[in-house]
Amino acid sequence: MHASSPADPLRAALSSVLARPEDGSCIEVIDASTGETVHRVREHGAEEVDGLIVSTTGAADRWRSLEVFARVRALLDWADGLEDRRDELAELTARETGALRAEAGLDVDRAVACLRHYAGLVGKVDGRVLGGVPGHFGHTVREPFGVVGGITAPNSALSTFAWQAAPALAAGNGFVLHAHAEAPLGPIVMAHLAWEAGIDAVAVFTGPASLAAHLAGHESVGMVAYTGSVETGREVVRASAGPIVPLTLNLASRNNAFVLPSADLAKAVPSVLHSRFSCAGQNWFGASHVYVHVSLYEQFVTRAAALARRITVGAALDPDVLMGPLRSEAACARLVETVSAGVAAGAEVRAGGGRVSGLAGGGYHEPTLVVGAGPENPLRAEPVAGPVLSVSPYTDDAAVAAEANATRSGAVAQIWGRDAGAVKALAGRLDVGTVWINTHDALSPEISMTAWRDSGYGAAGGPDAVDACTRTKMIMWDVTPLAGRAPAFTGIATAADTEGPRNV
């Protein structure tokens, strides 16, 4: 989807993709707070996606040919455009995802910060000089793939868009995004603002998950960055195996928090609960289970249950609520079933546990705290999208690390404690790519985050993300005289050409 530059980018972006009667297949975008259809968006087909990739390939060539300052200025203008439209984008995102307006505004802020950070890395993609081979001079250069594909989840879609696109553009690539069908409007507007800033090497489309696999398996896409569910992620991996496309994967994860005996519960309890209940428990980096040392376990559960009961739930645009709805009624129904299954398997609900009474239209679920859920319980065995936090006691650091590692979930861990030695030792035992200590939200585009094992692989953020959007070329020069390295062939090479072949 590419467009012109009218006076109102938000309205123009939406009008360019709204479905018309003759368009055929379309996607209904639902207001998460009311359940009502707010827009009908035209669904793209595989041929249209192919066309976007072709046009973006040409645009990427033009993008790379610009001087560094022009590309820096364009990325900064894109960031400014997002910042200028912060309120409209936050409201749009809140309506289609159920995130509170404040949470959606934070997502815009993170996208802005990311674009500005990577604007500073344009023109700074460096190689290495290789001096270890006598008589030779070698160096490496990092070259762009051409087109990078991005695939996002519905939640935190704007910041994810930026975290995928900005390093790709900084490295000299074009970028094609598959916006999730449940929340395509924010990314569509964000892409339109990129075009307003003069970056036509960005394209966006929306449609079913099969189009994500189509993007990953396209022979003209050099690399793909994926954020989303495990199921779709596996399809993307399989599709990428055809043309052998490198990937970075950030998959839905079962993240753990650890509350050590030295932890300050006044900080740990609200922070852990906020990490789980913000965006109605649908953020990829929130903790879904907490291991609390037995010496603090009862205090933690009592405080956490009381706090969970005080969290007000309501419409995403209501300024007086602390948690909004899930993305859809269907998502809420799935969560209700999972909680019921967890209770049947032995979990005990200490707060919440079901739908919010008195609220209709959206998928409103209570902030829920459970105890007694073992590792095989449905509330812990698979990633659960929704505001449910499970808590269990532990006594031994090595044993609890082994239990956490056995889940093969390796995205983000939180450690809460003031004993630096114990914190450091536990961090070293955990098989996860990112560890946050005494914090629940340390996202920054300046620092690379990685996911391990069943949670994915590859870097997001930091200079490593730029490297992931490039491929290394090695160039080696032999600076010794020809006669010094191949005497036999030198004699042949200097013979008169009229002699002809010698082995006839």
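What counts and what doesn't
Residues numbered from 1 in each chain as written. Predicted model: local features only at pLDDT ≥ 70, side-chain atom pairs only at ≥ 80, totals over all residues. Heavy atoms only, no water. Pairing = 2+ DSSP bridges. Helix = DSSP H or I, 4+ residues; strand = E, 2+ residues; numbered from the N terminus. Buried < 20%, exposed > 50% of the residue type's maximum accessible area, 1.4 Å probe, protein only. Axes fitted to C-alpha atoms, helices over the stretch in contact; angles between N-to-C directions. Parallel < 35°, antiparallel > 145°, perpendicular 65-115°, else oblique. Contact = heavy atoms within 4.5 Å. Nonpolar A, V, L, I, M, F, W, Y, C, P; charged D, E, K, R; others polar. Right-handed = clockwise from strand over helix to strand, strands pointing away. Patch = residues over 30% accessible without salt bridge, like charges linked within 9 Å, V, L, I, M, F, W, Y side chains within 5 Å. Areas by Shrake-Rupley, 256 points an atom, 1.4 Å probe, with all protein chains shown as cover. Salt bridge = Lys/Arg side-chain N within 4 Å of Asp/Glu carboxyl O. pLDDT = per-residue confidence, 0-100. Phe/Tyr/Trp six-rings, centres within 6.5 Å; stacked < 30°, edge-to-face > 60°.

1. Regarding the sheet that holds strand β8 (residues 223-228)
Right, on to step 1. The strand order β7-β6-β5-β8-β9-β20 describes an open sheet built from six strands, whose pairing is mixed. A strand with exactly one partner marks an edge of an open sheet, and here the two such strands are β7 (202-206) and β20 (456-457).
Right, on to step 2. The pairing of strand β6 (residues 174-179) with β7 spans five bridges and is classified as parallel. For L177, the partnering residue across the bridge sits in β7 and is V204.

2. Some details on the pairing of β8
Right, on to step 1. In terms of residue burial, β8 counts as a mostly covered element, since six of its six residues are buried.
Right, on to step 2. Covered by surrounding structure in β8 are M223, A225 and T227 together with V224, Y226 and G228, the residues of both alternating faces.
Right, on to step 3. With four bridges connecting them, strand β5 (residues 147-151) and β8 associate as parallel partners. Looking at β8, one finds that I151 is bridged to Y226.
Right, on to step 4. In terms of strand pairing, β8 meets strand β9 (residues 247-251) through five bridges, oriented parallel. Within β9, the residue paired with A225 across the bridge is T248.

3. Considering the packing of helix α4 (residues 86-97) against helix α7 (residues 185-196)
If you want to describe how two helices pack, look at the angle between their axes and the distance between the axes.
Right, on to step 1. With their axes 9 Å apart at the nearest point, α4 and α7 run at an angle of 155° to one another. In terms of axis orientation, α4 runs roughly antiparallel to α7. Along the contact surface, α4 presents L89, L92 and E96, while α7 presents L185, G186, P187, V189 and L193.
Right, on to step 2. Considering only residue class, the contact of α4 with α7 consists of six nonpolar, one polar and one charged.

4. Let's talk about the pairing of β5
Right, on to step 1. Most of β5 sits out of view: five of its five residues are buried.
Right, on to step 2. By the alternation rule, side chains of β5 split into V147, G149 and I151 and V148 and G150, which are all buried.
Right, on to step 3. Of the strand pairs in this sheet, β5 and β6 are connected by five bridges, and their pairing is parallel. By the bridge assignment for β6, V147 is matched with G174.
Right, on to step 4. The β-α-β motif built from β5, the intervening helix α6 (residues 157-170) and the parallel element β6 has right-handed crossover chirality.

5. Focus: the environment of C332
Right, on to step 1. In this fold, C332 is placed in helix α12 (residues 329-344).
Right, on to step 2. According to the relative accessible area criterion, C332 is buried, its value standing at 0%.
Right, on to step 3. Counting along the chain gives 239 residues from C332 to T93, while the straight-line C-alpha distance between them is 19 Å.
Right, on to step 4. Excluding its chain neighbours within four sequence positions, the residues that come into contact with C332 are L326, R355, G363, Y364 and H365.

6. Points about a nonpolar patch on the surface
Right, on to step 1. A contiguous nonpolar surface patch, about 450 Å² in accessible area, is contributed by V129, F137, W477 and V479.
Right, on to step 2. With respect to the element layout, F137 can be found in strand β4 (residues 136-144).
Right, on to step 3. Residue classification places F137 among the partly exposed positions, given a relative accessible area of 40%.

7. Considerations on the confidence of the model for the protein
Right, on to step 1. For the protein, the mean per-residue pLDDT works out to 91, and 91% of the residues sit at or above 70.
Right, on to step 2. Across residues 1-7, confidence stays below pLDDT 50; counting only partners more than four residues off in sequence or on other chains, it has 24 contacts.

8. Notes on the pattern of salt bridges
Right, on to step 1. This model, assessed by the stated rule, comprises 20 salt bridges.
Right, on to step 2. With its nearest N and O atoms 3.5 Å apart, the salt bridge here joins D467 to R142. Taken together, the residues span a long stretch of sequence, with D467 in helix α16 (residues 462-468) and R142 in strand β4 at a distance of 325 residues.
Right, on to step 3. Owing to a relative accessible area of 32%, D467 belongs among the partly exposed residues under this scheme.
Right, on to step 4. By relative accessible area, which is 25% here, R142 ends up partly exposed.
Right, on to step 5. Here the residues in one salt-bridge network are R73, D77, D80, E83 and R116, joined through shared partners.

9. Let's talk about the packing of aromatic side chains
Right, on to step 1. Tallied over the full model, the rule gives five aromatic pairs.
Right, on to step 2. Their ring planes at 15° and their centres at 5.3 Å tell us that F258 and Y291 sit as a pair that is stacked. With a gap of 33 residues between them, F258 in strand β10 (residues 255-259) and Y291 in strand β11 (residues 287-293) connect regions that are remote in the sequence. Y291 carries the same exposure label as F258, and that label is buried.

10. Considerations on the sheet that holds β10
Right, on to step 1. The seven strands are arranged β12-β13-β14-β11-β10-β16-β17 in an open sheet whose pairing can be described as mixed. Bordering the open sheet on either side are β12 (348-351) and β17 (434-437), each of which pairs with just one other strand. For this sheet, the mean angle separating the axes of adjacent strands, direction not counted, is 25°.
Right, on to step 2. One ladder, built from five bridges, connects β11 with strand β14 (residues 388-394); its direction is parallel. Within β14, the position partnered with V292 by the bridge is P393.

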